[in-house]
Amino acid sequence: MHIRYRAGRVVNLLETMHSIEPATATLLLSCRDQKGLVAAVASFIFDHGGNIIHADQHTDQQESYFLQRVEWQLDGFGLQREDIAAAFRPIADRFGMTWRLSFSDRRPRVAILVSKQAHCLYDLLARSRMGELRAEIPLIASNDPDLESIATEFGVNYHYLPVTSETKARQEASLSTLLDRESIEVVVLARYMQILSPAFVASYADRIINIHHSFLPAFAGAKPYHQAHERGVKIFGATAHYVTGELDSGPIIEQDVTRVSHRDTVADLARKGRDLETIVLARAVHRHLENRIVVYGNKTVVFD
């Protein structure tokens, strides 16, 4: 009881800290590099009484492409939040911007898809409970029934959607209906061992985050850690990326690596891999939820 009480106090403290933070607006934008971009965005915020608290930008010199993240306080801003997008649109149109506006006090609705491996699921649910991930997680969907007890432990609805090669299209249609019904905005593949159709991926463009080991394209297929052990690898990692129609080739969000010793067994490699996967996936999801990622082409800029 004492441990549960302390855990509850931590959750309440984190939620309280988040609730008292002043709300901010964030613009993520990208376009062809041209004169006046920074001045135009800064002037828009200044002209409406806004106070910029974070601003970062990057120019891809090779592509002549500009990317920017600007965050400002809503307190004292001269526009109601529902009017900001319409007011900014003429500037975006003038420069040909691709852009997105978000607010810090809005919690996106996230669905987690999982199969048999529980490590990433546990980690995301724990971080959500502690207030580290500013999102609502109304559901977990799986092609396997084994992890339902974890969902029950965290009070999240678990939907078992079995799939075979003959029923795959129907299963995915059921999944799409479920996500639509729950107004899901972001899908996290926490070791979901199914390939999503191009149509499904297109409906959540740049909003499906996947995690996998970083041996690819080497050691593809079954038992990658067995293959790596047989080759005596000295380093491996994990990669989180947005899902596209091309398998495991979407824009990379986050990566990390760890050293491998000749003393490591296959089980040791798999354990180290699970550790990395949880950390890398959590970082990727966190940065997406904080609106720090701009996708252009098949690359990302991830602002600190």
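Here the structure is a predicted model, which means the values were calculated and not measured. (Residues numbered from 1 in each chain as written. Predicted model: local features only at pLDDT ≥ 70, side-chain atom pairs only at ≥ 80, totals over all residues. Heavy atoms only, no water.)

Q: It is not clear to me how the sheet that holds strand E9 (residues 208-213) should be interpreted in this structure. Could you clarify?
A: Sheet strands pair via backbone hydrogen bonds, and the direction of the pair is either parallel or antiparallel. Spatial ordering of the open sheet is given by E7-E6-E5-E8-E9-E10-E11, a layout of 7 strands whose pairing is mixed. Across the chains shown, the open sheet's two edge strands, defined by having one partner strand only, are strand E7 (157-160) and strand E11 (252-259). Across the sheet, the axes of successive neighbouring strands diverge by a mean angle of 20°, strand direction being ignored. Where strand E5 (residues 109-114) and strand E8 (residues 186-189) come together, 4 bridges link them in parallel fashion. Opposite Ala111, over in E8, you have Val187 as the bridge partner. (Pairing = 2+ DSSP bridges. Helix = DSSP H or I, 4+ residues; strand = E, 2+ residues; numbered from the N terminus. Axes fitted to C-alpha atoms, helices over the stretch in contact; angles between N-to-C directions.)

Q: Looking at this structure, I do not really get empty space enclosed by the protein. What am I missing?
A: Rolling a probe over the atoms, with the probe sized like a water molecule, indicates the empty space that remains. In this structure the tally under the stated criterion is 1 cavity of 30 Å³ or more. Roughly 40 Å³ of internal volume is contained in the largest cavity. Taken together, Val110, Ile112, Leu124, Leu133, Ala135, Ile137, Val188 and Val285 form the lining of the largest cavity. Within the lining of the largest cavity, the residues separate by chemical class into 8 nonpolar, no polar and no charged. (1 Å grid on protein atoms, 1.4 Å probe; cavity = no way out; pocket = protein on both sides within 12 Å on 5 of 7 lines; lining within 4 Å. Points joined across faces, edges and corners; volume = space filled by probe spheres on them. Nonpolar A, V, L, I, M, F, W, Y, C, P; charged D, E, K, R; others polar.)

Q: Honestly, the packing of helix H2 (residues 37-47) against helix H3 (residues 81-95) in this entry has me stumped. Any pointers?
A: Helix packing geometry: the angle between the two helix axes and the distance between the axes. For the pair H2 and H3, interaxial distance at closest approach is 11 Å and the crossing angle is 165°. Comparing their axes, H3 and H2 come out roughly antiparallel. Regarding H2 and H3, the two cross each other, and that crossing is right-handed. Facing Leu37, Ala40, Val41 and Phe44 of H2, the residues of H3 in contact are Ile84, Ala87, Phe88, Ile91, Arg94 and Phe95. Of the residues contributing to the contact of H2 with H3, the split by class is 9 nonpolar, no polar and 1 charged. (Parallel < 35°, antiparallel > 145°, perpendicular 65-115°, else oblique. Left-handed = near helix turned anticlockwise from the far one by under 90°. Contact = heavy atoms within 4.5 Å.)

Q: Whenever I open this one, the nonpolar core confuses me. Can you help?
A: Side chains of nonpolar character tend, in soluble globular proteins, to be buried together. Judged by nonpolar contacts, the single largest core of 43 residues is most densely connected at Ile112, Leu121, Leu124, Leu125, Ile140, Leu281 and Val285. Among the elements that take part in this core, helix H9 (residues 266-289) stands out by supplying 8 residues, more than any other. With residues near it in sequence (within four places) discarded, Leu281 still touches Cys120, Leu124, Val188, Leu189, Ala190, Ile209, Ile211 and Ala240. (Core = buried A, V, L, I, M, F, W, Y, C linked by side-chain atoms within 4.5 Å. Buried < 20%, exposed > 50% of the residue type's maximum accessible area, 1.4 Å probe, protein only.)

Q: Honestly, the sheet that holds strand E3 (residues 65-73) in this entry has me stumped. Any pointers?
A: Taken together, the 4 strands give an open sheet; going across it, the order is E2-E3-E1-E4, and neighbouring strands pair in antiparallel fashion. This sheet does not close on itself; its edge strands, each paired only once, are strand E2 (51-60) and strand E4 (98-103). Recorded for the sheet is a direction-independent mean angle of 10° between the axes of neighbouring strands. As judged from the 6 bridges shared by strand E1 (residues 24-32) and E4, these two strands associate in the antiparallel manner. Directly across from Leu27, in E4, lies its bridge partner Leu101. Contacts between H3 and the sheet are confined to E1, E3 and E4, with E4 contributing the most and set at about 160° to the helix.

Q: Looking at this structure, how should I read the pattern of salt bridges?
A: Two side chains with opposite charge may pair up if their charged atoms get near one another. Enumeration according to the criterion identifies 18 salt bridges in this entry. Here Arg69 ties to Glu71 by a salt bridge, and the two come within 3.3 Å at their closest N and O atoms. In this structure Glu71 comes out as buried when scored by relative accessible area, which is 10%. One salt bridge connects Glu254 with Arg287, and the closest N-O pair in it is separated by 2.4 Å. Residue Glu254 is located in strand E11, and its partner Arg287 is located in helix H9; the two are separated by 33 residues in the primary sequence. With a relative accessible area of 11%, Glu254 lands in the buried category. Via salt bridges that share partners, Glu254, Asp256, Arg283 and Arg287 belong to a single interconnected network. (Salt bridge = Lys/Arg side-chain N within 4 Å of Asp/Glu carboxyl O.)

Q: Got a minute to help me understand the environment of Val186 in this structure?
A: Looking at the element boundaries, Val186 is found in strand E8. The class of Val186 is buried, set by a relative accessible area of 4%. Separated by 23 residues in the primary sequence, Val186 and Ile209 place their C-alpha atoms 8.0 Å from one another. When near neighbours in sequence (up to four residues on either side) are disregarded, Val186 contacts Arg109, Val110, Ala111, Arg207 and His288.

Q: Teacher, can you tell me more about the environment of Ala240 here?
A: Looking at the secondary structure, you find Ala240 in strand E10 (residues 235-242). Its relative accessible area of 0% is what places Ala240 among the buried residues. Between the C-alpha atom of Ala240 and that of Arg283, which follows or precedes it by 43 residues, the distance is 8.7 Å. Ignoring any residue separated from it by four or fewer positions in sequence, one finds Ala240 in contact with Asn210, Ile211, Ile252, Ile253, Glu254, Val280, Leu281 and Ala284.

Q: Explain the confidence of the model for the protein chain to me, please; I cannot follow it from the model alone.
A: As a note on interpretation, predicted positions should not be read in detail where pLDDT is low. Across the protein chain, pLDDT averages 92, with 93% of residues at or above 70. When the criterion is pLDDT under 50, residues 1-13 qualifies, and its contacts beyond four places in sequence or with other chains add up to 2 contacts. (pLDDT = per-residue confidence, 0-100.)

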